[in-house]
Structures are given as C-alpha cells and as structure tokens.
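Residues per chain are reported as follows:
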Amino acid sequence: MTTRNQSSCDESEMELFSYLLRLGDNALILGQQLGASVGKGPELEEEMALANFALDYIGQARLFFGLAAEIEGKGRNEDDLAFLRDGIDFTNVLLVEQPNGDFAQTIARQFFFESFYLLQLRALRHSENSKLAEIAAKAGKEIQYHLRHTQQWLVRLGDGTVESHRRMQAGVDRLWQYTGELFEIDDLDRWAIDAGIGADLAEIRQTWLAEIKSAFVEATLEMPAGEWMAGGGKQGRHSEHLGYLLADLQFLQRAYPGAAW
Amino acid sequence: MYTQGLDQKSDAVDPQRDDEVRLRQFQARIDQEEKIEAKDWMPDAYRKTLIRQISQHAHSEIVGMLPEGNWITRAPTLRRKAILLAKVQDEAGHGLYLYSAAETLGVSRDELIDQMLTGKAKYSSIFNYPTLTWADIGAIGWLVDGAAIMNQIPLCRCSYGPYARAMVRVCKEESFHQRQGYEIMLTLSRGSDEQIRMAQDALNRWWWPSLMMFGPGDADSKHSAQSMAWKIKRFSNDELRQKFVDVTVPQADYIGLKMPDPDLRKNDETGHYKYGEIDWEEFMQVLAGNGPCNRERLESRQHAHAEGQWVRDAATAYAEKQAARQAAA
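Residues numbered from 1 in each chain as written. Chains lettered and ligands numbered in written order. Predicted model: local features only at pLDDT ≥ 70, side-chain atom pairs only at ≥ 80, totals over all residues. Heavy atoms only, no water.

A.B. asks: Talk me through the overall build of chain A; I want residue IDs and the actual numbers.
C.D. replies: Looking only at helices and strands, one finds 10 helices and zero strands in chain A. Tracing chain A from N to C terminus, the helices and strands come up as α-α-α-α-α-α-α-α-α-α. If you line up chain A on its principal axes, its C-alpha atoms span 65 × 40 × 30 Å. Looking at chain A as a whole, 57% of its 261 residues qualify as buried. Long-range contacts, defined here as pairs at least 24 residues apart, represent 79% of the contacts in chain A between residues at least 6 apart. (Helix = DSSP H or I, 4+ residues; strand = E, 2+ residues; numbered from the N terminus. Buried < 20%, exposed > 50% of the residue type's maximum accessible area, 1.4 Å probe, protein only. Contact = heavy atoms within 4.5 Å.)

A.B. asks: Break down the interface of chain A and chain B for me, with residues and values.
C.D. replies: Of the residues lining the interface, 48 residues belong to chain A; the matching set on chain B comes to 44 residues. Interface area, chain A with chain B, both sides summed: about 4000 Å², of which 69% is carbon and sulfur. Sorting the residues of chain A by area buried against chain B places A:Leu44, A:Met48 and A:Trp261 first, and these three jointly supply 19% of that buried surface. Summed over the shared surface of chain A and chain B, the result is 13 residue pairs in polar contact (both at pLDDT 80 or more). Those elements giving two or more residues to the side of chain A that touches chain B turn out to be helix 1 (11-36), helix 2 (44-72), helix 3 (78-83), helix 4 (103-124), helix 5 (130-158), helix 6 (162-175) and helix 10 (241-255) of chain A. Here the element with the most residues in the side of chain A that touches chain B is helix 2 of chain A; it accounts for 11 residues. (Buried area = accessible area lost by both parts, 1.4 Å probe. Polar contact = N/O pair within 3.5 Å; in protein donor to acceptor, adjacent residues only side chain to side chain.)

A.B. asks: Got a sec to walk through unusual backbone geometry? Specific residues and values, please.
C.D. replies: Residues and elements named next belong to chain A. Even without being a glycine, threonine 220 presents a positive backbone phi close to 55 degrees. Summarising the element assignment, threonine 220 is placed in the loop between helix 9 (201-218) and helix 10. Look at threonine 220 and you get partly exposed, because its relative accessible area is 40%.

A.B. asks: Please give an account of the packing of aromatic side chains that cites residues and values.
C.D. replies: Within the structure shown, the criterion is met by 24 aromatic pairs over all chains. Ring geometry for A:Tyr57 and A:Tyr117: centres 6.2 Å apart, planes at 20 degrees, overall stacked. Remark: A:Tyr117 occurs in helix 4 and A:Tyr57 occurs in helix 2; sequence separation between them is 60 residues. Its guanidinium or amino end placed over the ring of B:Trp71, B:Arg74 lies 3.7 Å from that ring's centre, counting from NZ or CZ. Sitting above the plane of the B:Phe235 ring, B:Lys243 keeps its charged end 4.3 Å from the centroid. (Phe/Tyr/Trp six-rings, centres within 6.5 Å; stacked < 30°, edge-to-face > 60°. Lys NZ or Arg CZ within 6 Å of the ring centre and 35° of its normal.)

A.B. asks: Report on a negative patch on the surface, specifying residues and quantitative values.
C.D. replies: All names here are of chain B. Residues Glu103, Asp110, Glu111 and Asp114 make up a contiguous surface patch of negative charge. With three residues, the top contributor of residues to the negative patch is helix 4 (residues 109-117). With respect to the secondary-structure elements, glutamate 111 resides in helix 4. (Patch = residues over 30% accessible without salt bridge, like charges linked within 9 Å, V, L, I, M, F, W, Y side chains within 5 Å. Areas by Shrake-Rupley, 256 points an atom, 1.4 Å probe, with all protein chains shown as cover. Salt bridge = Lys/Arg side-chain N within 4 Å of Asp/Glu carboxyl O. Lys, Arg positive; Asp, Glu negative; His and termini not counted. Charge placed at Lys NZ, Arg CZ, Asp CG, Glu CD.)

A.B. asks: Kindly report on the pattern of salt bridges, identifying the contributing residues and their values.
C.D. replies: Across all of its chains, the model carries 34 salt bridges over all chains by this definition. Across the salt bridge formed by A:Asp159 and B:Arg325, the nearest N and O atoms sit 2.6 Å from each other. On the criterion of chain membership, the pair formed by A:Asp159 in the loop between helix 5 and helix 6 and B:Arg325 in helix 12 (residues 309-328) is interchain, its members lying in two chains. The buried category is assigned to A:Asp159, whose relative accessible area is 7%. Because the salt bridges share partners, they merge into one network encompassing A:Arg22, A:Asp186, A:Asp189 and A:Lys234.

A.B. asks: So what about the packing of helix 2 of chain A against helix 5 of chain A? Which residues, and what values?
C.D. replies: Residues and elements named next belong to chain A. Contact geometry for helix 2 and helix 5: axes closest at 11 Å, N-to-C directions at 160 degrees. Taken together, the axes of helix 2 and helix 5 are roughly antiparallel relative to one another. Read as a crossing pair, helix 2 and helix 5 show a hand that is left-handed. Facing Glu46, Ala49, Asn52, Phe53, Asp56, Tyr57, Gln60, Leu63, Phe64, Leu67 and Glu70 of helix 2, the residues of helix 5 in contact are Lys131, Leu132, Ile135, Lys138, Ala139, Glu142, Ile143, Tyr145, His146, His149 and Trp153. Its residues placed into classes, the contact of helix 2 with helix 5 shows 12 nonpolar, four polar and six charged. (Axes fitted to C-alpha atoms, helices over the stretch in contact; angles between N-to-C directions. Parallel < 35°, antiparallel > 145°, perpendicular 65-115°, else oblique. Left-handed = near helix turned anticlockwise from the far one by under 90°. Nonpolar A, V, L, I, M, F, W, Y, C, P; charged D, E, K, R; others polar.)

So, in structure tokens, the structure goes:
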C-alpha cells in the first residue's frame, strides 16, 4: 500500500468513503431509534427483539464506519464518524430518521427499510470491494432474521383487530413518501454501480415492489396511494428529527472533546 | 439483575394442608441436597415463598432495564452503546427465564406482571435511583451487578431445580455485566478531571444503596430461618453484605476512588472491612414508594403495558383467525 496524505486520497477512494458512510449512517440512525424504544415494547419478547435489532444495527454501523475510516486514511475512527459530524454531513435516508411513533409506525418503518436493505445487502455481497462484500454477507444474515420478524408483525397487525388494522394502515400510509428515496440514483450511486461496488437500485426496486405488494395482500393492507416522494437525506438535507437524535447520540463526545470512554 | 435482599417472608406452614409425614420427607430430600422439581410435592408455603422471590427477581430485571436504558441513546462510543444494548437485552432475557421458572410453580406470567404493575409485588429498591451521568452505568455494572452476583451465586444451589438452573445462566451473564461496569469506572478514573469527578460522584450515590440491596441486618431479618432450612437461602444478609464489601473496597482503591464512608476500616485480625451505619430509614422510604424514581419506574412500565394492549390483542386475534382458517382448510 502506498503512503498517502489528505490531498492524495484519490477520487474513487473518496467516492467509496462516501458510499460507505451512507450505509453506516442508515445503520447507525436506525440502531439509535430502536435503542430509544427499549423499555417501551408491547411485551417482553418484543423488548428483547428491539434491543437485539438495535445491537445488530450498531454493529453494522461500526463495520461500515471502520472500513470507511480505513479507506479515508486520515486517522479518523468509527466514533469520529458517528459522533463528530453534523446533521448536514449525515447521508442516511429520511425513512430511518422518522420517529418510532406507535408500534405500527415502528413496524412500518422497519418493514419498508429492511425489505429494501436486505435486497441491497444481497447485491453488495457481490461488490468488487471484498471487504464491503464481507460486511454485506454478515449483515444480510442479521437483516434476513429481522425482516422475517417485522413482516410477521406487519401481517399480525394488518390482519389482527379493527384497531390494529387501522393503525398499521396509517403507519404505512404515513411512511410511504419516504420509500422513493431508497431507490433514487444520484451521482454517487451511479459511480458505485458503474464501478461494480454498489447495488443497482433500479434493479432491486422491482423485486422490492413485488415483495411489498405480496406482504400487503397477506396483511390485508391497501398499497399506499400517494405518488409524491420526499428526498434529500442522502445529500444531507434532513427532517427536523435528526437534530434531536444527534443531540442525544453525540452529547458526551461533544461535551468532553477528546475524552476516552 | 437481582432480587431484594432474598429476605422473603415465608408463609406459615399449615399442618392441616401439608401432612407431617410428607413435610418430613420433603425436608429430608432438601437436607440431602436433592433438587425439588416442578411436579414434586412441596409445602404450600415453600411454593408461595418461591413464587414471590422468583417473581420479584423477574420484576427487578424488567424494571432494571429502565435506569440503564436511560443511557442507551447517549452512550459515549459505539462500542459502549453495543455493550449496553447487549446488557439490557440480557436483562429482558433473565426476566423471561425467571417468569418461566415461576410459571413451573403454577402461576401465570400475566398474573405476576399484573402484580408488578399494580404495585402489589415488589422489585429491587435499587432501581428507584436515577442514572444521572454516564458513570452511573459503570457504577450499576460494578456495584449493583456485583452485589447481585453475591446474592445469586448461592442461588445456583437453591433447592428448587428450575430456579437453580435458571440462575446458572443468569450468573454467567451477570459476571460479564459486572466486569464491563468496572471497566467503565476504570476508564473514567484514568480520564480527565471531569471524568474522575463523574466516577466519584456515581460511587458516592450508588455505594450505600448497593449495600442496602442485601436487605436488613441479620438482627432485624425475621424471615430468614425458614428460607435457610429450605435451602432457598444459604447465607445471611450480613454475611453476603460483608463479602461484597470485602471484594469491592480493594477494587475502588485500585482505581483511586474513595468510598463515601468515613468509618470504613480494615480489621487486620479478621481481614474484613468494617463499614459505617447504613441509613435504614432511607431504605424503608424507598421500599415504601418514596425513592427518587419509584413513581417514574412504575409509570413507565404501566405506560408500555397499556400502549401495548392493542398490539397484544391483535396478536391474539390473528392467532385465532389463523387457527380457524387451518381448521376450515
């Protein structure tokens, strides 16, 4: 490996770094959200599942950030990337920063995201970057399990009582507008696809739609009708929720700069 | 995490119900260190004592998730966040096995949880104290889990088989929790002045409540004899407390923190530390519901339970529909 400094970090490394940050940010923000729901679950088994899923996401964020930091080569580590960037530097999709809401809204968010994320990870297993492919393979096993759990709840709530059906429908209707961004292809995604590094979002969209539709049929839910889609998270333009989330997340590192924990 | 003092009030044995021959045989089995299993005959009072103790222990695990859960979103590094999440997840798991162990005695989890939510059942008083800084997460692991382990290791040899076996697994995980807590304190004690202050402040606040976890002193502990005879309890409150103090004081010395007890002295003859007077009035107040967080803790659990009602109803309704569909198919 050649030695390099900040200025010689070549362009494709910068792209790869940014691409890994997106993946890490999605995992971190969703892990943070699930972590906040601990102690509030509808039953004990679900408390365990929520903590367990949060733990998986935090673990994945560490892997993506660790690799990103290594590729960046500026001496930053996973914690610098998680705790010392501002909201406008975060590139997670808007969906993952949406509040937990009631349990149906949590399930709607998890279902939309995880059904996408699993397909993304499966594609990333074939990434030209072997380290990314390894992380994707490991994360994919975890998310496959999450998704099974989440989808079971989607169906139980959708096809449960009148109230649970109403809440589940409201949850998916509310979050539908954030699903478009999952498949938006910007310059960075285009670079990743062309370089054989990243997932082709257009390809996985078709599979995703088919899977969503079939799950909705089983859950007796209507496909949300809204056509307008929100976006911007991947470019650092977020909802107001993210600022509060980061204030909690980053508090100690910001309050005591340079301290070891 | 822990059950309050293991100082259960044992129900009076009723010779009308439990004839004397069977009682003698039961005691003989216990004396020979045989395990009592769920389907074995047992005195009604033994059953009730165990249900109360195991369920209080389970409730403590569940309520104990709250003070630590308070810092999940603010953990200072991703590694610390992951460890804390794993710990809180373990606690939910402990709650689950313990409720299952209690269910073997013929009581349902729903009933037990209802007793907790309505304030009829107790949980460990230690969780009625607030977690104010990150150092509190270290102090809870080090002191609260440390005290819990002292109480729980003897429970692995408890005469009731399902409880003893559940405790084997719980103890393994608790000892990991204790180590990670101490490691947080160690790191803070080697950190900046602000971090050292945080660690010392946490020790100051958690030390005495941790000593109270062992329950009243032996002179005031009225319910131990029967539990000892039944081998539910194997050491007295004061014996366990002393063991905890003897182990913990050198750990504090090692990381340069000062115990908040001006009367603490080592007795070179016995090798034990003599500690100052515990404020039992504070203990009684916290037990009576007047600790700093009693209301919040109970309200949090009540709120989660009430908010989850429609979810549980939906799961039941769905399961019924599925069963009906399968029957029709």
